[in-house]
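# Coordinate analysis (summary)
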Amino acid sequence: SCCSCVIWDCVCRYYGNHAWLSLQKPLMLHGHERSITQIKYNREGDLLFSSAKDQCPNVWFSINGERLGTFDGHQGAVWAIDINWETTMFMSGAADQFLRIWDCATGKEVGNIRAQSSVRTCNFSYSANMAAYSTDKQLRQQCEMNIIDVRTVDESIGALHLLCCRRAASEGKACQADVAERENNGKILNMVKDHTGSINDMQMSKDGTMFITASKDKTAKLFDSDTLMCLKCYKTERPVNSAAISPILDHAGLSHCCCFQVVVGGGQEAMDVTTTSTRIGKFDSRFFHLVFEEEFGRVKGHFGPINSVAFHPDGKSYSSGGEDGYIRIHNFDSSYFEFSFEAQIEPSNK
């Protein structure tokens, strides 16, 4: 597949009494032949991993957009990817019904698991000794979530099956289970239904105390990780495909800037895109204040729905991947960090 890196102009507008803000020119990465399905940074943020419907996950240098390599082996659309803490292993799940584990240094496959249907999501544990993956309801198979030990990557692992968790996501529910209850295939500790549509994406905050969900019901919602209490709701006019929380919520010197934020991406359904202009389709990355739930900015550029968004681990840039097959890396300039909501400005000492 082709690989190119293009510089493109972009503008982000702040609403209310604030003026237009020009962001630094983003990098446009084009190494996939079909729609982007997911993008993820590694822990250090020097690498950006991407998957698409074209069978080959890619890895890029985030600083300049140069493609480092590809992971070749899938025979279907790759729906989900993840990287372990030390960036030594890479995991991908695809429509070919395989979960594959790769060596990041060489790009070679080190093991795989054959599922009964398409693998839709996958995630490493913090230790990277365990992993979770979920499958779709198809081929007369029920959707389920499996917990595996990736140190022995084959079908003999004896996965822990959580039949309800994947189905709960399709019904707009968030589910919490105890994976130590192997005899009962995972004891369900808590389940809440705050969305009226299916949940398309779920991302944790940097400290793990919160997570945000993106739903087809045109909202993104912030939850407490322990209690599953819905804390905030961010409303849009189009289905939300992905949402992410800024990792610099409490950095010194930034407590009163706009870094208390989330970014959401989505847009009109992909099947209707050909009859819709980019303005009407609302293919924008939209920024909301995490606490006030107020939208304060948008970034345009994609020519189709945004399928995945991710903040750089240092919080100074973010990336988005869309139905148009492009990945856009946006770096925030200094004026972005200097912007403050009036409610956040401390009163002067008299």
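Description of the structure in this document. (Residues numbered from 1 in each chain as written. Predicted model: local features only at pLDDT ≥ 70, side-chain atom pairs only at ≥ 80, totals over all residues. Heavy atoms only, no water.)

### Description of the sheet that holds strand β6 (residues 47–52)
Judged by pairing direction, the sheet is antiparallel, and its 4 strands sit side by side in the order β5-β6-β7-β8 without closing on themselves. Each edge of the open sheet carries a strand with a single partner, namely β5 (36–41) and β8 (67–70). Taken over all neighbouring pairs, the strand axes of this sheet differ in orientation by 20° on average, direction set aside. In this structure, β6 lies alongside strand β7 (residues 58–61), joined through 4 bridges in antiparallel fashion. Residue pairing for β7: S50 is matched across the bridge by N58. (Pairing = 2+ DSSP bridges. Helix = DSSP H or I, 4+ residues; strand = E, 2+ residues; numbered from the N terminus. Axes fitted to C-alpha atoms, helices over the stretch in contact; angles between N-to-C directions.)

### Looking at the side chain of T213
Tracing the backbone through its elements, the reader meets T213 in strand β20 (residues 210–215). Take T213: its relative accessible area is 0%, and that puts it in the buried class. Among the polar contacts listed, one links the side chain of T213 to the side chain of H195, at a separation of 2.6 Å. If we ignore the near neighbours within four places in the chain, the residues touching T213 are H195, I199, D201, M202, T219, A220, K221, F223 and A243. (Buried < 20%, exposed > 50% of the residue type's maximum accessible area, 1.4 Å probe, protein only. Polar contact = N/O pair within 3.5 Å; in protein donor to acceptor, adjacent residues only side chain to side chain. Contact = heavy atoms within 4.5 Å.)

### Regarding empty space enclosed by the protein
For the structure shown, the criterion picks out 2 cavities of 30 Å³ or more. When its volume is computed, the largest cavity comes out at roughly 70 Å³. Counting residues per element, the lining of the largest cavity draws most heavily on strand β24 (residues 261–266), at 3 residues. The class makeup of the residues in the lining of the largest cavity is 3 nonpolar, 4 polar and 4 charged. (1 Å grid on protein atoms, 1.4 Å probe; cavity = no way out; pocket = protein on both sides within 12 Å on 5 of 7 lines; lining within 4 Å. Points joined across faces, edges and corners; volume = space filled by probe spheres on them. Nonpolar A, V, L, I, M, F, W, Y, C, P; charged D, E, K, R; others polar.)

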